[in-house]
Structure formats: structure tokens, C-alpha cells
Amino acid sequence: MTRTVPRFLQRYKGVEGYYFINRNADLGYIRAADAKPVKENFPQLHDRKFMRAHPDFVYQLETFLRDLQEMSYIYLNTAETGMELGYVLPTNGSGYEWSSSTLVTHQHVVDAMRKDDAEDASPTTPALNSASVRHSVYRGLNGLHGHRGREGQYRYFPVLFFQGGPHADGTATAKTLAQVSGFHDTSLRVLNLLWRRQKDAGHMAGLDAMFDLLRGNVKARSAVGAGQPRRPRPSSMDRVLAARPAAAPRGPRPPSTQIQ
């Protein structure tokens with residue numbers, strides 16, 4: 001597996017430092033310094049000062065890990081789509097000018113962000129008729145990480161999920177994504193760790209400290225945070241037709257690289 005990670009990063013440039021979740025609901029990230037996968041083991045459990053300040057951390061962690069298991073199972077075994085925020089196209093495979101991989105955000109997410117940011121938005125405002133949006137993966141993930149709902153709460157916590165290859169799940173969703181994107185490798189999906197907020201706000205409120213910790217971890221790895229480009233507002237997002245295409249890639253595309 002160690003040998004495949006550098007190839008994976010070459011194919012999906014810019015995903016270092018962001019959280020991944022796999023089919024077994026393990027949470028981790030790829031370390032930028034040496035391109036090694038690192039499982040999140042929550043070292044705070046061994047920090048006496050932290051544990052004294054957060055006496056309910058063990059309970060929060062147990063609840064969070066159960067949620068990860070549920071999330072992975074539901075995503076893989078049901079028609080649940082609300083937790084998927086978009087997908088990532090490989091570097092130089094999308095035909096756009098940035099040198100990193102490309103994040104394609106689903107239309108329902110774009111609509112929700114626009115409604116949150118609209119001054120006259122209300123719960124009865126109809127969904128805006130907007131196209132899916134494409135960004136460099138870095139800018140797109142920063143935008144999702146930083147976006148807040150109208151009440152000031154974070155709406156999203158993006159986490160990457162690798163399906164294992166083109167159409168690896170064999171579903172109509174994967175084939176539809178390929179048709180929409182015009183590119184057949186839509187294996188790297190973006191899920192929302194906060195997907196249960198819409199279902200059970202009280203449950204999620206009890207995990208605010210956990211998500212603050214995870215968000216701080218991503219910031220500490222310099223994936224997001226101060227000094228990074230300002231998050232794009234939906235009204236200024238680069239639309240598919242507005243983005244300037246780069247030169248078309250030459251030769252056959254490299255084979256899909258698996259990471260588990």
C-alpha cells in the first residue's frame with residue numbers, strides 16, 4: 001500500500017492533509033511530508049490536561065465512531081445521497097487550468113450555499129437553478145470547510161472516500177457522474193461528516209467539541225486555515241462554462257490507483 005500512495009497523490013494532487021474515510025469506517029489522512037497514510041488515533045486520549053478539560057471526550061469519541069460506521073454502511077448499501085457533496089477528478093484529467101485535481105460540487109450543495117449566503121433567503125426560498133461547480137480541490141474543500149449556515153453553524157465537514165476504481169461500485173450514480181463530468185474516473189467522492197445535522201440536530205450538538213477538534217487537526221496540517229486563500233462565496237464560484245480549459249491531456253490516461 002505504501003508504494004501506491006505516491007502514485008495516488010500524483011493522480012489526485014492536493015488531497016494531502018484532508019481526512020479520508022474507508023469502507024471499514026477508519027478515519028485518517030495522507031501526510032504531506034512523506035506521503036504516508038496515517039490513521040487518526042486521537043492522541044488526546046493520552047493527554048491528561050486535555051482529558052481533564054473535556055471529561056466527556058470518551059463518550060463523544062465512542063458516539064462519533066459509531067456514526068462513522070453507520071455513515072459508511074448507509075453510503076455503501078442504500079440510496080442515501082444527501083451525504084455526498086461532490087467528487088474529485090484526477091489531476092490534468094478535467095481539462096482546467098489549475099495544476100491540482102478538481103473538485104466538482106453537486107448542484108444541491110451549491111444551491112444550499114447560495115441560499116445561506118443570500119441576504120433575502122428564507123426557509124421557503126426555492127432552490128436556485130444553478131449548475132454544478134468546479135474548483136481546484138484545494139479551493140473547493142476550503143470553501144466547504146469554511147461555509148456556515150444562516151445561524152452561524154458549520155454546514156459541512158468534507159471527508160474523502162475512495163471507491164477503488166472507475167465505476168467500482170457498479171451503481172447508476174457512478175455512471176451518471178461519469179456522463180455528467182465527461183470523465184470516467186469519478187472514484188474519489190466527497191462526503192459530509194455532518195450529514196446527520198439535518199436529521200438530528202440535538203445529536204450533532206453533542207459532538208460540537210469533537211468536530212472542533214477535527215477541524216483544528218486539519219488546520220494544523222495546513223490544509224485549511226489562516227493564510228490560505230479566502231473561501232469562495234457561491235455567487236463568485238467558477239461555473240463549468242466560465243472556467244478556462246487547459247490543453248487537452250495527451251496519450252492514454254494512467255490506470256486507477258487504489259488506496260485502502
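Analysis parameters
- Residues numbered from 1 in each chain as written.
- Predicted model: local features only at pLDDT ≥ 70, side-chain atom pairs only at ≥ 80, totals over all residues.
- Heavy atoms only, no water.
- Core = buried A, V, L, I, M, F, W, Y, C linked by side-chain atoms within 4.5 Å.
- Buried < 20%, exposed > 50% of the residue type's maximum accessible area, 1.4 Å probe, protein only.
- Helix = DSSP H or I, 4+ residues; strand = E, 2+ residues; numbered from the N terminus.
- Contact = heavy atoms within 4.5 Å.
- Phe/Tyr/Trp six-rings, centres within 6.5 Å; stacked < 30°, edge-to-face > 60°.
- Lys NZ or Arg CZ within 6 Å of the ring centre and 35° of its normal.
- Salt bridge = Lys/Arg side-chain N within 4 Å of Asp/Glu carboxyl O.
- pLDDT = per-residue confidence, 0-100.
- Axes fitted to C-alpha atoms, helices over the stretch in contact; angles between N-to-C directions.
- Parallel < 35°, antiparallel > 145°, perpendicular 65-115°, else oblique.
- Nonpolar A, V, L, I, M, F, W, Y, C, P; charged D, E, K, R; others polar.

Asks: How would you sum up the nonpolar core? Please name residues and give values.
Replies: Counting 52 residues, the largest nonpolar core has Phe8, Val15, Phe42, Phe64, Leu144, Leu188 and Leu214 as its most contacted members. Per-element tally for this core: the top contributor is helix H3 (residues 57-77), with 7 residues. Excluding its chain neighbours within four sequence positions, the residues that come into contact with Leu144 are Leu85, Leu103, Val109, Met113, Tyr156, Pro158 and Val190.

Asks: Run through unusual backbone geometry, naming residues and quoting values.
Replies: Even without being glycine, Ala25 reaches a positive phi, approximately 65 degrees. Mapped onto the secondary structure, Ala25 falls in the loop between strand E1 (19-21) and strand E2 (27-31). Of note, Ala35 is a non-glycine position whose phi angle comes to about 55 degrees, a positive value. For Ala35, the location among the structural elements is in the loop between E2 and strand E3 (36-39).

Asks: Provide a residue-level description of helix H4 (residues 107-117), including the pertinent values.
Replies: For H4, the complete set of buried residues consists of Val109, Val110, Asp111, Ala112, Met113, Arg114 and Asp116. Those residues of H4 that are buried lie in contact with strand E4 (84-89), strand E5 (102-105), strand E6 (133-136) and helix H5 (137-146).

Asks: Can you lay out the packing of aromatic side chains for me, pointing to particular residues and giving the numbers?
Replies: Taken as a whole and judged by the stated rule, the model has 11 aromatic pairs. A centroid spacing of 6.3 Å and a plane angle of 80 degrees characterise the contact between Phe42 and Phe64, whose relative ring orientation is edge-to-face. Taken as a pair, Phe42 in the loop between E3 and helix H2 (48-53) and Phe64 in helix H3 lie far apart in primary sequence, 22 residues in all. Residue classification places Phe64 among the buried positions, given a relative accessible area of 2%. An aromatic cluster is present here, built from Tyr19, Tyr29, Phe42, Phe64, Phe157 and Phe211 joined pairwise through their rings. Above the ring of Tyr154, the side-chain terminus of Arg215 is found at 3.7 Å from the ring centroid. Positioned above the aromatic ring of Tyr29, the side-chain terminus of Arg221 is 3.6 Å from the ring centre.

Asks: Outline the pattern of salt bridges, supporting the account with residue identities and numerical values.
Replies: Two side chains with opposite charge may pair up if their charged atoms get near one another. For the structure on display, the rule yields 4 salt bridges. In this structure, Arg155 and Asp116 form a salt bridge, with 2.6 Å as the shortest nitrogen-oxygen distance. Taken together, the residues span a long stretch of sequence, with Arg155 in the loop between H5 and strand E7 (158-162) and Asp116 in helix H4 at a distance of 39 residues.

Asks: So what's going on with the confidence of the model for the chain? Which residues, and what values?
Replies: Segments scoring low in pLDDT should not have their predicted coordinates read at a detailed level. Looking at the chain as a whole, the pLDDT averages 75, with 65% of positions reaching at least 70. Mean pLDDT values over the elements of the chain span from 47, in helix H6 (residues 172-181), up to 96, in E1. This stretch, residues 124-131, has a pLDDT under 50; its non-local contacts, to residues over four places away or in other chains, come to 17 contacts. Here residues 176-183 is modelled with pLDDT under 50, and outside its nearest four sequence neighbours on either side it reaches 19 contacts, counting other chains as well.

Asks: Outline the packing of H3 against helix H8 (residues 208-220), listing residues and values.
Replies: With their axes 9 Å apart at the nearest point, H3 and H8 run at an angle of 80 degrees to one another. Taken together, the axes of H3 and H8 are roughly perpendicular relative to one another. Where H3 approaches H8, its residues Phe57, Gln60, Leu61 and Phe64 are matched on the opposing element by Ala209, Met210, Phe211, Leu213 and Leu214. For the contact of H3 with H8, the residue count by class is 8 nonpolar, 1 polar and no charged.

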